[in-house]
Amino acid sequence: MNDPVAVVVLAAGKGTRMKSDLPKVLHTIAGRPMLHHVLAATEPLQAERRVVVLSPGQERVAASIAPIPTAIQHPPRGTGDAVRAAKAELAGFTGTVLVLFGDTPLLTPETLGRMVEMCDGPDGAAFAILGFEHDNPGRYARLVLDDAGNLQKIIEAPDLKDAETEIRLCNGGALAVDGSRLFDWLDRLEPHNAQGEFYLFDLLDFVHEEGRRAGVVWIDPVETMGVDSRAGLAAAEARMQDRLRRRMMEQGVTLVAPETVFLSFDTVIGQDSLVQPHCVFGPGVKIGPKVEIRSFSHLEGAEVGIGARIGPYARLRPGAELGEGVHVGNFVEVKNAHFGDGAKANHLSYVGDAEVGAGANIGAGTITCNYDGFEKHLTEIGAGAFVGSNTALVAPVRIGEGALIGAGSTVTEDVSANDIVAVRGARKVVPGAAVRYRETRAARKAAKKKDS
C-alpha cells in the first residue's frame, strides 16, 4: 500500500438498548472493549491519522482511547454528519480514509487491508464498501453491481422494488473513500429524511458523477456484526470465542472441550499445552509450552512457565508468576506471587504477595497472611523449604532455604535456613467436659423454649 491511510471510527451512539450506565462501545468482548477491538484492527495499517467521533458527555470513552483524538458530533444528524465532525482532525489529508463503526468488534485487519488496497494508487476505487451474502437479508441495504463487478448503487431495504428484493448482497457498513474528495462530497449531502439526517453512503452518487469507480470487498458476514443490545453482545462474544479457540488450536494447543473454554483477546498459550474443560482466561495471561491447565481453573494477569500443572479448580490472579514445572493444585489461589522452578502448592492454599523458592513445597491449607488492614506485606519462602499443612505465615516474614515448618503452625518471626519450627499452643485436656457441656446446652435450650 502506497497511499497514506486515515481512520475515522463512529462511536457517538448512546446505545440505549444496552440499558447500561457504561457507554455501549466500552462493553467488553473477550476482555477488551468493543471500540478497542476496532482500533486494534487498524493498527497494522499504520494509519497516519486516527480519530473517534463521539457525542457530548462521552468523556469516559475519550479517556479510554487517549491519546487518540476525538471529535464531537452534536446534535446527532446521521452518519454523514458524524464523519463531517472529524473534518478538523483530517485537515489537509488526501489519502484513503477508512470509516468504521465502534460497535463492530469482529472486523479483522486483513479485511481492512483489502479495503485500503482496493483504493490504493491512481487507478484505485474512490469508494469501497464491505459486502456479504445473506440468505435472509431482511433489513440490510442491498448492493447492486454492474457487469464488471463494480458497485452501481446501494438500496435501503424499505426502498426495494420487484426483482431487487431477490438481491442477496448486503451492505457490510465499513467504508474506504478518497480523502481528497471526502469532505467536498460531505458538504454536498442533503438531509435524507424528516429527522434531517445525512447518510454517509449517499456519497456514492457523487463518486459516479465524477466518473470514479466504486467497489465491494466481499467478507464473511460475521465480521459485520454490530452490537446494540445485551443479546447482541452475547452473540458477538460467542463468535469471538469461536475465532480465538480455533486460532489457539491451530497454534498447537489442545482444547479438550473448546466450547467450554473462554479466552481473552491477548491470551497466549504455548505449543503442546493442554486445556481441560471449563477453564477461563482473563486478560494478560501468558502460558508456556507443555503446560496442563486442568478443569474449572480461572487465570488472569498470570504467567506460567514450561511444563507447569495448574488445577483443577485453581485461581491465578494478577501478578502470579510460575516457573518451570510448578504445580498449583485444586482450590489454590495465587496472587502477586512468584514461584521458582519446581515449587508446589497442591491443595487448598492462598499464596499472595510472596516469593516462593525453587522446589519449595507448600502444604494443604497454608495461608500467607499478607494484609494487616492497611498495607500488603511480603512472605519469602526459600528454595527447598517445606511448609506443613494448615500453616499461617504472618507477613512480613521469611522462611529460609530448606527450613521445615510443622503442620498447624502460625509463624510470625523469620525462620533460618534448615531450621525446623513448630508453633502450636499448649494442649489442655478437661476429662469428661464434653458431656457436661452438652447437658448444659440442652438445659438452656429447654428453658428458652419454655419461656417462649
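Residues numbered from 1 in each chain as written. Predicted model: local features only at pLDDT ≥ 70, side-chain atom pairs only at ≥ 80, totals over all residues. Heavy atoms only, no water.

### Here we look at unusual backbone geometry
A cis amide bond, omega 10°, links A66 with the succeeding residue P67. Along the chain, P67 turns up in the loop between α2 (59–65) and β5 (70–72). In this structure, H278 takes a positive phi of about 65° despite not being glycine. Within the secondary structure layout, H278 lies in the loop between β14 (274–275) and β15 (280–281). The class of H278 is partly exposed, set by a relative accessible area of 39%. (Helix = DSSP H or I, 4+ residues; strand = E, 2+ residues; numbered from the N terminus. Buried < 20%, exposed > 50% of the residue type's maximum accessible area, 1.4 Å probe, protein only.)

### Points about the packing of aromatic side chains
Going through the model one piece at a time under the given rule, you end up with three aromatic pairs. Seen from their ring centres, F296 and Y313 are 5.0 Å apart, and the 10° between their planes marks the pair as stacked. Note that F296 is positioned in the loop between β17 (292–293) and β18 (298–299) and Y313 in the loop between β20 (309–310) and β21 (315–316), a separation of 17 residues in sequence. Residue F296 is classed as partly exposed on the basis of its relative accessible area of 40%. (Phe/Tyr/Trp six-rings, centres within 6.5 Å; stacked < 30°, edge-to-face > 60°.)

### Structural notes on the environment of H327
Turning to its location among the elements, H327 is positioned in strand β23 (residues 327–330). With 20 residues separating them in the primary sequence, H327 and G307 have C-alpha atoms 9.2 Å apart. With sequence-adjacent residues up to four places away left out, H327 is seen in contact with R309, A343, K344, A345 and N346. Polar side-chain contacts of H327 include one of 3.1 Å to the side chain of R309. (Contact = heavy atoms within 4.5 Å. Polar contact = N/O pair within 3.5 Å; in protein donor to acceptor, adjacent residues only side chain to side chain.)

### Quick notes on the pattern of salt bridges
Within the structure shown, the criterion is met by 17 salt bridges. The shortest N-O distance in the salt bridge between R168 and E166 comes to 3.9 Å. Of the charged contacts in the structure, one is a salt bridge between D242 and R245, with a shortest N-O distance of 3.3 Å. A residue pair is termed a helical-turn pair when its members lie 3 or 4 positions apart in one helix, as D242 and R245 do in helix α7 (residues 230–250) at three residues. In this structure D242 comes out as partly exposed when scored by relative accessible area, which is 38%. Sharing partners across several salt bridges, the network here consists of E300, R315, R317 and E333. (Salt bridge = Lys/Arg side-chain N within 4 Å of Asp/Glu carboxyl O.)

### Considerations on the side chain of T391
Position of T391 relative to the elements: it lies in the loop between β30 (386–387) and β31 (392–394). A distance of 2.7 Å separates a polar side-chain atom of T391 from the backbone oxygen of G388. If we ignore the near neighbours within four places in the chain, the residues touching T391 are G365, T366, I367, I405, G406, A407, G408, S409 and V411.

### Topic: a nonpolar patch on the surface
Among the surface-exposed residues, F296, Y313, F331 and L348 lie close enough to one another that they form a single nonpolar patch of about 420 Å² accessible area. By relative accessible area, Y313 is classed as partly exposed at 40%. (Patch = residues over 30% accessible without salt bridge, like charges linked within 9 Å, V, L, I, M, F, W, Y side chains within 5 Å. Areas by Shrake-Rupley, 256 points an atom, 1.4 Å probe, with all protein chains shown as cover.)

### Some thoughts on the nonpolar core
Ranked by internal contacts, the top residues of the largest apolar core, which has 58 residues, are F281, L316 and F339. Of all elements in the fold, only α7, β24 (333–339), β26 (350–356) and β32 (397–399) reach the threshold of two or more residues within this core. Sort the elements by how many residues they give to this core and α7 lands first, with five residues. The residues contacting L316, other than those within four sequence positions of it, are H298, L299, E300, A302, V304, I310, L322, V328 and V334. In this structure, L90, A126, F127 and V144 belong to the second largest nonpolar core, which totals 42 residues. (Core = buried A, V, L, I, M, F, W, Y, C linked by side-chain atoms within 4.5 Å.)

### Remarks on the layout of surface pockets
Here the second largest pocket is characterised by a volume of approximately 320 Å³. Along its surface, the second largest pocket is lined by 15 residues, and R32, H37, P109, R243 and R247 are the ones closest to its centre. Secondary-structure elements contributing two or more residues to the lining of the second largest pocket are α1 (34–42), α4 (109–119) and α7. Here the residues of the lining of the second largest pocket are counted per class, giving nine nonpolar, two polar and four charged. (1 Å grid on protein atoms, 1.4 Å probe; cavity = no way out; pocket = protein on both sides within 12 Å on 5 of 7 lines; lining within 4 Å. Points joined across faces, edges and corners; volume = space filled by probe spheres on them. Nonpolar A, V, L, I, M, F, W, Y, C, P; charged D, E, K, R; others polar.)

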